[in-house]
Amino acid sequence: MRIQFHGAARTTTGSMHLLDVNGSRILLDCGLYQGKRKEAFERNRHLPFDPGMVDLCLLSHAHIDHSGNLPTLVKRGFAGPVFATPATCDLCEIMLLDSAHLQVKDVEYVNRKRAAQGQRLFEPLYEEPDVRATLKRMRPLPYDTPREVADGVRVTYHDAGHILGSALMVLTLRENGAVRRLLFTGDMGRKHMPILRDPTVIGRVDCLLTESTYGDRLHPPGEDVKAKLAELVGKVAERGSRLVIPAFSVGRTQQVLYFLHQLWKEKRIRDVPVYVDSPLSTKATAVYDRHPECYDRELLDLLRNRQDPFGAGRVTYVTDVADSKRLNEMRGPVIILSASGMCEAGRILHHLKHSVDDARNVILIVGFQAEHTLGRRLVEHLSPIRIFGERHELRAEVHSVQALSAHADRDELLAYFRAMGTPVPRAFVVHGEPPAAEAMGAALREMGVADVTVPASGDVAEW
Ligand SMILES: [Zn+2]
């Protein structure tokens, strides 16, 4: 077997690795590289191999940094199947269409500047027809169902506990009379998270290809997100004000809705109207509704009792722009969930604009906020802030919780590998910034893994 690391090597985006087994070329993930615009533009456009020579693709989950360059692959000549769990197939439809829309908008913005300077204009990375062609190539492969996908190559998807449909994949490879097993983690989720089942513990494998996003960090212990949410809903109910929650459309939005549902059920909060103001979040929640095969026991019990965990009846989903604007005039108390999660674009900016300067309002940050984002400035209480170029005093209360991270931290990853049994003989560490990937590599060596590599982009390993 030969493997070449083409993305998410010493970085966390653009997941893409090419396997060569018995002459079949198998792509593991085909993610979009996200970073500085110029570099991302070049890397995403120029795939480092001939897409026409790739036989098939195995997709771990729908996050854009794992799936987002599939339309480029198809546009450039890939004609094979893309295997993914049924929920991942459905999420890819809405997320890749959204991504195409963003690609078109981004190029329009760049081209306006280039046209003014008399420079050559660019084409979008891909457009809606490329996404439609990609969706036709997708083949649903349910969890725990082995499938022979190429000569001597069998793949089984297992729960990863990361987002709806996310999978750990085990490849059983028969080559030159030997049978070996490879585990690719995709993105490793966590135990005891709402909605999803815990990651499935796989038995012994011969080779590990693991992510390392939090390879050098631990999540803060003992944070009670539900209690925090109850406290903040109580505050806005009493004050007649707003609770604004910027949240990623897939995963975080549904987790918050599920917690709110539990709090209502337990009579720990008053009946405050909730609005989910994002077309993508609305569509993503509909996909969550359609895939109970991904749910944990607790959520299945709720469904058996005819309860709606994502709140139809109590929650209003807003897709229309005029309805979205009307929310700004609404008297409180009210809870508004909107995208984007880092407050960099989208409808959340309008809600923040109408909320930040009133000390009675509350903003709750529920996800990681990258440097130089408005979300990070909010978390750090850096007033004044700028929204749409206008200056605003930050008077609203800002709270943040970190316990909803969808990635296993260092100790959670290591505990998972220990639970697999004797140390794996060979490991490749990907999908982490260099310090995180190196730290995970060192920890694996300490655990007794004999051969650990932290590959750079373009590196090749024979195995
Ligand atoms: Zn992910």
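In this report, we go over the structure that sits alongside the text. (Residues numbered from 1 in each chain as written. Predicted model: local features only at pLDDT ≥ 70, side-chain atom pairs only at ≥ 80, totals over all residues. Heavy atoms only, no water.)

### Some remarks on the layout of surface pockets
For the second largest pocket, the calculated volume is near 370 Å³. Looking at the second largest pocket, it is lined by 22 residues, and the ones nearest its centre are Lys191, His192, Met193, Glu223 and Ala403. Among the secondary structure elements, those contributing two or more residues to the lining of the second largest pocket are helix H6 (225-239) and helix H7 (252-265). No other element matches H7, which puts three residues into the lining of the second largest pocket. Its residues assigned to classes, the lining of the second largest pocket comprises nine nonpolar, four polar and nine charged. (1 Å grid on protein atoms, 1.4 Å probe; cavity = no way out; pocket = protein on both sides within 12 Å on 5 of 7 lines; lining within 4 Å. Points joined across faces, edges and corners; volume = space filled by probe spheres on them. Helix = DSSP H or I, 4+ residues; strand = E, 2+ residues; numbered from the N terminus. Nonpolar A, V, L, I, M, F, W, Y, C, P; charged D, E, K, R; others polar.)

### Looking at the nonpolar core
Soluble globular proteins tend to pack their nonpolar side chains together in the buried interior. Counting 105 residues, the largest nonpolar core has Leu58 and Leu171 as its most contacted members. Element by element, the count of residues in this core is highest for helix H4 (residues 86-116), at eight residues. When residues of this core are sorted by domain, at least three fall in each of domain 1 (2-217 + 406-462) and domain 2 (225-400). Discounting chain neighbours no more than four positions away, the residues touching Leu171 are Leu19, Leu28, Leu58, Val153, Arg154, Val155, Arg180, Arg181 and Leu182. (Core = buried A, V, L, I, M, F, W, Y, C linked by side-chain atoms within 4.5 Å. Buried < 20%, exposed > 50% of the residue type's maximum accessible area, 1.4 Å probe, protein only. Domains from an automatic or database assignment. Contact = heavy atoms within 4.5 Å.)

### Details of the coordination of the zinc ion
Those protein atoms acting as donors to the zinc ion are His61 (NE2), His63 (ND1), His162 (NE2) and Asp187 (OD), and they sit at 2.1 to 2.2 Å. Considering all four donor atoms around the zinc ion, the spread of angles at the metal, 93 to 164°, places the coordination shape in the irregular class. Here the donor residues of the zinc ion share one chain and are spaced in sequence as H-x1-H-x98-H-x24-D. Of the two residues, His63 is situated in the loop between strand S4 (56-58) and helix H2 (64-67) and Asp187 in the loop between strand S10 (178-184) and strand S11 (207-210); the sequence distance between them amounts to 124 residues. Owing to a relative accessible area of 2%, Asp187 belongs among the buried residues under this scheme. (Donors = N, O, S within 2.8 Å, 3.2 Å for Na, K, Ca; no water. Tetrahedral: all angles 85-135°; square planar, octahedral: opposite > 155°, others 65-115°.)

Read these as geometric descriptors, not functional statements.
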